[in-house]
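# Results of the structural survey
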Amino acid sequence: MSFRILLDEIRSNLLQIVKRLQIPEIPFTLEPAKSGFGDVTCNIAFLASKHLKKSPYDIAKLISDEYQKNLGKLVSKVEPHQSGYLNFYANNAPLNRLIITAAKDDNYGAIDIGKKSKVIVEHTSVNPNKALHIGHVRNVVIGDTVARILAKANHYVVVLNYVDDSGLQVADIIVGFKHLGFSETPPGGQKFDHYCGDEVYVKTTEQYAQDKSLEETRNNILKELEDGSSEIAKFGKSITNRVLAEQLKTCWRLGAYYDCLNFESEIVRSHLWPEIFEKLKQMNLIKYETEGKNAGCWVILSKDEDKVLVRSNGTATYIAKDIPYAAWKLGLVDDPFYYKKYTVQKNHKVLWQTTLEKNNDPKQHFRSNMVVTVIDSRQARLQNIITDLISKFDSSQKSYLHLGYESVTLSADTANALGIDTKGKNTQMSGRKGLYINADSVLDMLEQKTMDETRKRNPSLSDEHLHDIANKVAVATLRYEMIKQDLDKIITFDYSKSLSLEGDTAPYIQYAYARAVRILEKAQTKPDFDASYELLDGEYETNLVKLIGRFDLNIQDAANNLSPKVIAKYCYSLAVTFNAFYEHVKVLDSENTNTINARLCLVHSFKSCLEGALDLLGIETPARM
RNA sequence: GGGCCGGUAGCUCAGCAUGGAUAGAGUGCUGGACUUCUAAUCCAGUGGUCAAGGGAUCGAAGCCCUUCUGGCCCGCCA
């Protein structure tokens, strides 16, 4: 129930008119109009002008005259524009009623694109040897938001977090603990993931330059990690579990939740790889090189450069670990895993983890023929090779989609603040070099900043209440910064610019929400939705109603294009439109109680709609701020 | 050298998929609005050869081609 009904009505009437006027069938578009050009606009006259050899305006005039004879329920006027567009003006009273009563519904905006089909979204997947930095946050937020949007579009969404607990980076910190004497207990109660990343990892990798034998040590550790029963593997497991637990705290703090943790070490030990390796050989998708630079290796035959899968010493490369995982996600191989409960998350959802040990927990089904993997676009080449290989591996309707995004860089000023001179240029972060900004520290800074601001405005609120607000605003600010731009734009993080609370930011949007709540609180009565909706006839009121009505159109766009920014833009325009309404229309001041009630209904529906839209971004809505 | 992505206002970005009206926001700068439903707000002004050139089209920021420019990727690392 929304603006869509208006579009549907117009489309159906237009189709009849087109038939009557014997205009050839043309796939015209109908869309919400730019302001100043009515409510709905149609390009049919442009398209028809080629066939009819008449000017677009003449055709628009013809159609509009015909339409004018029977306007239907929701249209009050049709006008041909000099430019050739056909513009429709809505009949506000019935449209107001339709939209405002629909928008108060909890599930307002939901659409059925997915038909309950299962889709896997994998995101986060941070190596468990360090804390999340702001680059990882972009991944988490994109993945979490896409998952929420797909769920709203009626997909059954399963969220996976892949834990690379047997890779080089884990071996690095084991070198630190076992050979460089780093304590397993962080000093001064430091968070364990921060300690491992900021201290152990950075300082260990520094040592490689001075002591070449350490690399040999690391390579031995790497081999031992693959054998689950080794002492090193057990030690590694205990360390990575501790890091993972802390990383998850950060993710939960950001409002991201998961269904299952998949461990690379278990993929390795599950023997999925030999099975797939054999199949790839049989299908001639890979080749054993006998000469050239890759002599002795198994390589993937690819359009551009061949990629080594198995080294001449017989060990598998990184990509050879990713292929079985991709195949597993798509359900192309038998599921070798059992599942056990890792924990119950704050959102009350159980978080599962894979295990190779038999247990009594019920079997889970975290695989699907539609898989979205969120990984930054630097890995596009490898992801393409995997996608390509998988499509040849199984020709049935499988969709393995790499959702790529550009990286987060540091501004010159911010890099400077970390003690690095970049000669005025932005710079890529580097975990190895310690050149990054941890997610927790940004959230802490934002929380402090918000706390001060909120206390100033609400001196009577308790500390606990202030903390709750500050927390919600801080998380929202960071999430919004990470999502409001398109995925192919680099985000430059800057201490002064990225922490702003004004303008096109989450606090601006949350503030509009708090204003709406306040009006409803101060009202003498609750809104009665059997209201005199014709009284909402000012432009500030109708603009707001119509924008609320477009929620589902935006969800459709966002879901079809896996474009989370669409929802961010929508939330922002809702807030802008509400703020204009707020400044110009006094809800509680009218003498007419019917007007007050109708406006209260509008405010209520706005609040409800914005809450639903922000929820898709994982942003919570404090009632005061 | 090859591949992928970006280039729109001083700065950060929408708009491009599906060509059509007056190219929009934020920020910055200038000025204005709080005894009022919270000024994390609002209003007004300022600011554009849509990187350049060519092509197809009645019509291009958008489509095609070329060039310039910035970023990333191209290991028997992950």
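Above this note sits the structure.
None of these values were measured; they are calculated from a predicted model.

## With respect to helix H21 (residues 593–616)
Taking 1.5 Å per residue as the helical rise, H21 with its 24 residues ought to reach 34 Å, and the 35 Å between its terminal C-alpha atoms agrees with that figure. With respect to burial, H21 is a largely interior element, 18 of its 24 residues being buried. N-capping of H21 is provided by Asn592, with a side-chain oxygen placed 2.7 Å from the backbone N of Asn594.

## Details of the nonpolar core
Core analysis: the largest hydrophobic core is formed by 135 residues, its most contacted members being Leu14, Phe88 and Ile548. For this core, the element with the highest residue contribution is H21, accounting for 12 residues. Residue contacts for Phe88: discarding those within four places in its chain leaves Ile10, Leu14, Leu30, Gly38, Asp39, Val40, Cys42, Tyr67, Val75, Lys77 and Val78. Ala326, Trp328, Phe337 and Ile385 belong to the second largest nonpolar core, which has 38 residues in total.

## Some details on the protein's contact with RNA strand B
By nearness alone, 59 residues border RNA strand B, and Arg311, Arg457, Tyr511, Arg518 and Tyr582 come closest of all. A breakdown of the atoms of RNA strand B within 4 Å of the protein gives sugar and phosphate a share of 61%. With respect to RNA strand B, the side chain of Arg381 contributes an N or O atom lying 2.4 Å from a base nitrogen. Taking Asp486, its main chain carries an N or O atom lying 3.0 Å from a phosphate oxygen of RNA strand B. Those elements that place two or more of their residues in the surface near RNA strand B are helix H2 (44–52), helix H13 (380–393), helix H15 (439–457), helix H17 (506–522) and helix H20 (565–584). Take the surface near RNA strand B: its biggest share by element is 8 residues, from H17. In terms of residue class, the surface near RNA strand B is built from 22 nonpolar, 14 polar and 23 charged.

Calculation notes
Residues numbered from 1 in each chain as written. Chains lettered and ligands numbered in written order. Predicted model: local features only at pLDDT ≥ 70, side-chain atom pairs only at ≥ 80, totals over all residues. Heavy atoms only, no water. Helix = DSSP H or I, 4+ residues; strand = E, 2+ residues; numbered from the N terminus. Expected span 1.5 Å × (residues − 1). Buried < 20%, exposed > 50% of the residue type's maximum accessible area, 1.4 Å probe, protein only. Polar contact = N/O pair within 3.5 Å; in protein donor to acceptor, adjacent residues only side chain to side chain. Core = buried A, V, L, I, M, F, W, Y, C linked by side-chain atoms within 4.5 Å. Contact = heavy atoms within 4.5 Å. Near = heavy atom within 4 Å. Nonpolar A, V, L, I, M, F, W, Y, C, P; charged D, E, K, R; others polar.

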